[in-house]
Amino acid sequence: MREVAILGVGVHRFGRFPDKSVQEMGQVAIANALDHAGVSWKDIEAVYAGAVSPPAAGQPGNQLTAAMGATGVPVVNIETACSTGGTCLFSAYHVVAGGFYDTVLVVGVEKMPSGPLAGAGDPSVRYFERLMGTSVPGLAFALLAARQMKEGRATLQQLARISVRSHKNASLTPYAHYQNYPNLTIEDVLTSRMVLDPLTMLMLCPFDEGAAGVVICAKEVALKRFSAKKPVTIAAVVTTSGTYDRYNIILNQGQEKRTAKLAYEMASLGPKDIDLAQLEDEAPSGEVEAAEGLGLCAPGEYPSLVMNGETDLGGRLPVNTDGGYLSRGNAPGAATLASIAETVWQLRGEAGPRQVKEGKAKVGLVQGLGAGPNCAMAIIKR
Amino acid sequence: MRFPQAPPWQGTAPYAVGRVELPEGVLIPALFTECKPEDVKIDMEVELALTEFGKDEKGNEVITFMFRPIAGKTERGKR
C-alpha cells in the first residue's frame, strides 16, 4: 500500500444559491482544489463524486466531469446520505494506495430543496413513516438530546454552548452558511424558535447547497511530479454500515466506537494523538455522542470540556473549527469533504483567523454520519 | 415536532414522536394518542392503540399503530 497525500482542497460556500447550478458550484470547488493542489484538470485520472438529493444526485461525477472538460476518465458516483463525502474519500483512497491510479479527484456537491424534507436520500424511510412524520430529519438528534439530559450526560445549557462555539467559528469561515452570529449567548440559543423539543432553531443544522473538492495523490508521485512540499497524508479512512440492531437508521449502538477502532488501528494512532476534530454535529447532541464514542474524552466528560472552552479554537481539543454541520452547514454530498478541507487548512496553517495552535497541529480527525446507518472517519496528519 | 412536514405527511403539528420499546426489546418509532405532545415523557408506560390516520394514495382510510399512556403509570425502571 502506498502512502496517500491530500494535495489540495477547495470549497464552494454552503448556503442557498438559487441562481447557481450544480455544475457551477461543483466547478468552483474543483477549480479551487486543483489550484490549491498545483495540478491541472488533465492530471486527474479518476473522479469519485457524491451527492444525495436531486438535482445533484443525478450522476454528480458525470455532470461535473462534463462541465470541467470531458476527459474520459473513470467516474464513480456514490451516496451514503450525510457521510457521502467520507465514503467517496474511502473509495478513492484505495485505488491510489493500491497503485492503480496516482492522482484522483474526490468531490461532493449538493443542491437541497428548501423546506421540510421527506426523508430525502434515505431509502429506509417507508411510506407510512412519511405519512405519520415519524422519520423527520433531526428527530434522532432530538431524541438523543432528551435521552442525554434524562441520564444526566448533558444539560440543555451545555448543549446550547456547543451551538455558541459553532456559530462563533462559522463567523470566521468565509465558506460557512451562517456567518452572522459571532457573539451568541447560551440564552440566545435557548430562546430561538423551538423546532424539535428540546432542540431550538440554533441547535439544528441547515440542509444546504454547496460543494467541496479534494485532490489526492500517491505521496511519492506528489513529491516528484508535482513538487509538493510536505503534503498532509491520509493516516486512515474507514466507513462502516450498521449491524443488526433494534432500530436506528442514523446510528446503531456502538457504531462510532466500532468505526473509531478501525481508524485508530489503521493510523497506528490513538485518540490522545488527535489535535483537532471535525465531528458530525447536525445537532449538539450528535457532537457529544461522537466525541465520547470516538474516545476523545472519557464517557460523560465532553460537556464539561465544552463549558471550559477546551473545544474552542484556543482550547486543548478544538472541535468543528469551521462551524461544522451546525453552522457551516450540511450540504449532504459535500459536508464530510468540507470537514476534510478544513482539517487540511488547519494542518497546513492556512486557516486564517480561525487557525488553531498557531499552525502546530499535527493530527486531525474527521467523522461523518449518514442515514443508513453509515459512519465514516478519516485521520489526516502532517 | 413543532412544524408541519412535507407531503405525504397527514398529521397535525405540534406532535410527539418517540421510540417505544416492546417487551421483546424491539424499538418502534411511533406517534402517541389520547395525550398532549408535552405529556409524552421518556420511560412512560404506554399501550398499543390502533388509530385512524389520514388516507392512502387511493383514498382509503388508514389505520395505524399509535400508543397511549397507561392511566396511573407514569414511569418504570430504566432500560
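Residues numbered from 1 in each chain as written. Chains lettered and ligands numbered in written order. Predicted model: local features only at pLDDT ≥ 70, side-chain atom pairs only at ≥ 80, totals over all residues. Heavy atoms only, no water.

1. As for the pattern of salt bridges
Residue and element names in this part refer to chain A. For the structure shown, the criterion picks out 23 salt bridges over all chains. Two residues, Asp 312 and Arg 161, come together in a salt bridge whose shortest N-O distance is 2.8 Å. With Asp 312 in the loop between helix H11 (302-307) and helix H12 (324-327) and Arg 161 in helix H6 (residues 156-170), this pair connects stretches of sequence that are 151 residues apart. Accessibility expressed as a relative area gives 15% for Arg 161, which makes it buried. Each of Arg 2, Glu 45, Asp 102, Glu 220 and Arg 225 takes part in one network of salt bridges that share partners. (Salt bridge = Lys/Arg side-chain N within 4 Å of Asp/Glu carboxyl O. Helix = DSSP H or I, 4+ residues; strand = E, 2+ residues; numbered from the N terminus. Buried < 20%, exposed > 50% of the residue type's maximum accessible area, 1.4 Å probe, protein only.)

2. Brief notes about the sheet that holds strand E3 (residues 75-78) of chain A
All names here are of chain A. If you trace the nine strands from one edge of the open sheet to the other, you get E3-E2-E4-E7-E1-E8-E11-E10-E9, paired in mixed fashion. Taken across any chain shown, the strands that pair with only one partner, and hence form the sheet edges, are E3 and strand E9 (276-278). Along the sheet, successive strands turn relative to each other by an average axial angle of 20°, direction set aside. Each of strand E1 (4-15), strand E4 (103-111) and strand E7 (209-218) touches helix H1 (residues 22-37); the most contacted strand, E1, lies at about 145° to it. This element, helix H9 (residues 255-267), spans strand E8 (232-241), strand E10 (363-370) and strand E11 (374-381) of the sheet and lies at about 150° to E8. (Pairing = 2+ DSSP bridges. Axes fitted to C-alpha atoms, helices over the stretch in contact; angles between N-to-C directions. Contact = heavy atoms within 4.5 Å.)

3. A short note on the interface of chain A and chain B
Taken together, the 27 residues of chain A in the interface contact 33 residues of chain B. A combined buried area of about 2,700 Å² lies between chain A and chain B, and 62% of that area is made up of carbon and sulfur atoms. Linking chain A to chain B there are one salt bridge. For Asp197(A), the salt bridge goes to Arg2(B), with nearest N and O atoms at 2.5 Å. In this assembly, chain A and chain B are joined by four residue pairs in polar contact (both at pLDDT 80 or more). Counted by class, the side of chain A that touches chain B contains 16 nonpolar, three polar and eight charged residues. (Buried area = accessible area lost by both parts, 1.4 Å probe. Polar contact = N/O pair within 3.5 Å; in protein donor to acceptor, adjacent residues only side chain to side chain. Nonpolar A, V, L, I, M, F, W, Y, C, P; charged D, E, K, R; others polar.)

4. Describing the side chain of His177(A)
Along the chain, His177(A) falls in the loop between H6 and helix H7 (186-191). Residues within four places of His177(A) in sequence aside, it is in contact with Arg13(A), Phe14(A), Gly15(A), Pro206(A), Asp208(A), Ser327(A), Arg328(A) and Gly329(A).

5. Details of the packing of aromatic side chains
Taken as a whole and assessed by the stated rule, the structure comprises four aromatic pairs over all chains. An angle of 70° between the planes, with centres 6.0 Å apart, marks the rings of Phe128(A) and Phe65(B) as edge-to-face. Of this pair, Phe128(A) sits in helix H4 (residues 127-132) while Phe65(B) sits in strand E4 (residues 61-69), which puts the two residues in different chains. A relative accessible area of 34% places Phe128(A) in the partly exposed class. A centroid spacing of 6.3 Å and a plane angle of 55° characterise the contact between Tyr178(A) and Tyr181(A), whose relative ring orientation is tilted. Above the ring of Phe17(A), the side-chain terminus of Lys20(A) is found at 5.6 Å from the ring centroid. The ring centre of Tyr325(A) lies 5.3 Å from the NZ or CZ of Arg328(A), which sits over that ring. (Phe/Tyr/Trp six-rings, centres within 6.5 Å; stacked < 30°, edge-to-face > 60°. Lys NZ or Arg CZ within 6 Å of the ring centre and 35° of its normal.)

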